[in-house]
Amino acid sequence: MDKIEIVQGDITRMEVDAIVNAAKNSLLGGGGVDGAIHRAAGPELLRECRLLGGCDTGQAKITGGYNLAASHVIHTVGPIWSGGSNREDELLASCYRSSLSLALKHELRTIAFPAISCGVYRFPARRAAGIALSEIQTFLRNYHGIDKVYCVCFDEAMADIYRSWLVEE
Ligand code: AR6
């Protein structure tokens, strides 16, 4: 599906309507992609995040993008991997769906996702990539209004994992 593009790089550089942040429940910043997004956006982002009252796992909330090229940040909270029988798959799928629904509601047409839960939260990469792509494809099939979804992989190894799923389609 040519509305989905896998790219390797730093999500904070993406020129899109919204980048998605793999945040924690407090939405008050952290390491990994969350830290990178807050650094690049500047302190105003944290100020707005403080007003949101946190976010449940699998849900998403939206803020401005401040100093980012992206005009918005969609903050979602992925599940912490703990073996696979604690609704991790379902919650990860929900992150993608909730983020895309929020983008649609705000009429945002281009959106970039990181590999949610694949860092500190230790979700197995191949399994997470399969869930990500299948949720994005299903959403784009069911709803119109989003033109492009980028899956931004920080390294080439992760990009290869995503590409291997698309080849298998
Ligand atoms: N651009 C794109 N991808 C990135 C970037 C970047 N600049 N930096 C890291 N990644 P993680 P999680 C990749 O740990 O597992 C935070 O502390 C990274 O290689 O950022 O959902 C939050 O506050 C990995 O593939 O997020 C939470 O506490 C992916 O992004 C917790 O980490 C996700 O890794 C969330 O953990």
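Look above for the structure.
Because the structure is a prediction, the values reported are computed rather than measured.

Q: What is the right way to read the pattern of salt bridges from this model?
A: Charged atoms that come close allow side chains of opposite charge to pair. Under the counting rule described, the total for this entry stands at 8 salt bridges. Arg-97 is the salt-bridge partner of Glu-135, the closest N and O atoms lying 3.0 Å from each other. On the criterion of sequence distance, the pair formed by Glu-135 in helix H4 (residues 125-142) and Arg-97 in helix H3 (residues 88-105) is long-range, its members being 38 residues apart. Salt bridges sharing common partners tie together Glu-156, Asp-160 and Arg-163.

Q: Whenever I open this one, the side chain of Glu-135 confuses me. Can you help?
A: For Glu-135, a relative accessible area of 16% puts it in the buried group. The residues contacting Glu-135, other than those within four sequence positions of it, are Ala-93, Tyr-96 and Arg-97.

Q: Explanation requested: the environment of Arg-13 in the structure shown.
A: With respect to the helices and strands, the residue Arg-13 is situated in the loop between strand E1 (4-8) and strand E2 (18-23). For the pair formed by Arg-13 and Ile-37, sequence separation is 24 residues and the distance between their alpha carbons is 9.5 Å.

Q: Please explain H4 as it appears in this structure.
A: For an α-helix the count is 3.6 residues per turn, leaving residues at separations of three or four pointing the same way. With 18 residues, H4 ought to run about 26 Å at 1.5 Å a step, and its terminal C-alpha atoms sit 26 Å apart, in line with that. Buried within H4 are the following residues: Ala-128, Ala-129, Gly-130, Ile-131, Ala-132, Leu-133, Glu-135, Ile-136, Gln-137, Phe-139 and Leu-140.

Q: Before we go on, may I ask you to explain the packing of H3 against H4 in this structure?
A: If you want to describe how two helices pack, look at the angle between their axes and the distance between the axes. Two elements in contact, H3 and H4, have axes separated by 9 Å at closest approach and are oriented at 35°. Relative to H4, the crossing made by H3 is right-handed. Contact residues: Asp-89, Leu-92, Ala-93, Tyr-96, Arg-97, Leu-100, Ser-101 and Leu-104 in H3; Arg-127, Ala-128, Ile-131, Ala-132, Glu-135, Ile-136 and Phe-139 in H4. Taken together, the residues of the contact of H3 with H4 break down into 10 nonpolar, 1 polar and 4 charged.

Q: Honestly, the site of the ligand in this entry has me stumped. Any pointers?
A: Taken together, 21 residues lie near the ligand, and Gly-31, Val-33, Asp-34, Gly-119 and Val-120 sit nearest. Within the backbone of Val-120, a nitrogen or oxygen atom sits 2.8 Å from an oxygen atom of the ligand. A total of 700 Å² of accessible area belongs to the ligand in isolation, and the protein chains cover 90% of it. Mapped onto the shell around the ligand, the elements with two or more residues apiece are E2 and helix H1 (32-41).

Q: I keep staring at the packing of aromatic side chains and nothing clicks. Help me out?
A: Applying the stated criterion to the full structure yields 3 aromatic pairs. Both rings, one in Trp-81 and one in Phe-123, keep their centres 4.8 Å apart while their planes meet at 65°; by these two values the pair is edge-to-face. Here the residue Trp-81 occupies a position in the loop between strand E4 (72-77) and H3, and Phe-123 occupies one in the loop between strand E5 (110-113) and H4, the gap between them amounting to 42 residues. Consider the rings of Tyr-96 and Phe-113, whose centres lie 4.8 Å apart with planes at 40°: the pair is tilted. Residue Tyr-96 is found in helix H3, and its partner Phe-113 is found in strand E5; the two are separated by 17 residues along the sequence.

Q: Got a minute to help me understand unusual backbone geometry in this structure?
A: Glycine aside, residues mostly have negative phi, and peptide bonds are mostly found in the trans state. Non-glycine residue Tyr-66 carries a positive phi angle of around 50°. Take Tyr-66: it is sitting in the loop between strand E3 (60-64) and E4. Looking at Tyr-66, the relative accessible area reads 37%, which means it is partly exposed. Located in the positive-phi region is Arg-87, a residue other than glycine, with phi close to 65°. When you line up the elements, Arg-87 lands in the loop between E4 and H3. Classification of Arg-87 by relative accessible area gives partly exposed; the value is 48%.

Each value, and the rule that gives it
- Along each chain, residue indices are assigned from 1 in the same order as the chain's sequence is written.
- Local features in this predicted model are restricted to residues of pLDDT 70 or higher, and side-chain atom pairs are both shown and tallied only at a pLDDT of 80 or more, whereas totals for entire chains, interfaces and linings draw on every residue.
- In computing side-chain values, all of the structure's heavy atoms are included and hydrogens and water are not.
- The term salt bridge refers to a side-chain nitrogen of Lys or Arg lying within 4 Å of a carboxyl oxygen of Asp or Glu.
- Helical segments are the DSSP runs of H or I of at least four residues, strand segments are the runs of E of at least two, and each set is numbered from the N terminus.
- Any residue under 20% of the maximum accessible area for its type is buried, any over 50% is exposed, and the rest in between are partly exposed; the area is computed with a 1.4 Å probe on protein chains only.
- In this description, contact between two residues means that some pair of their heavy atoms is separated by no more than 4.5 Å.
- An expected span of 1.5 Å times one less than the residue number is assigned to each helix.
- Lines fitted to C-alpha atoms define the axes, with helix axes restricted to the stretch in contact, and inter-axis angles between N-to-C directions lie between 0 and 180 degrees.
- Here a crossing is called left-handed whenever its near helix is offset anticlockwise from the far helix by less than a right angle, and right-handed whenever the offset is clockwise.
- Amino acids outside the nonpolar list (Ala, Val, Leu, Ile, Met, Phe, Trp, Tyr, Cys, Pro) and the charged list (Asp, Glu, Lys, Arg) are all regarded as polar, and Gly is one of them.
- The near set for a molecule or strand comprises every residue that places at least one heavy atom within 4 Å of it.
- Two N or O atoms count as a polar contact when they lie within 3.5 Å, although within protein this holds only if one can serve as hydrogen donor and the other as acceptor, and sequence-adjacent residues are included solely when both atoms are side-chain atoms.
- Each accessible area is a Shrake-Rupley estimate made with a 1.4 Å probe; only the visible protein chains count as cover when residues are assessed.
- The aromatic pairing rule takes the rings of Phe, Tyr and Trp, using the six-membered ring of Trp, and pairs them if the centres are within 6.5 Å, calling planes under 30 degrees apart stacked, those over 60 edge-to-face and the rest tilted.

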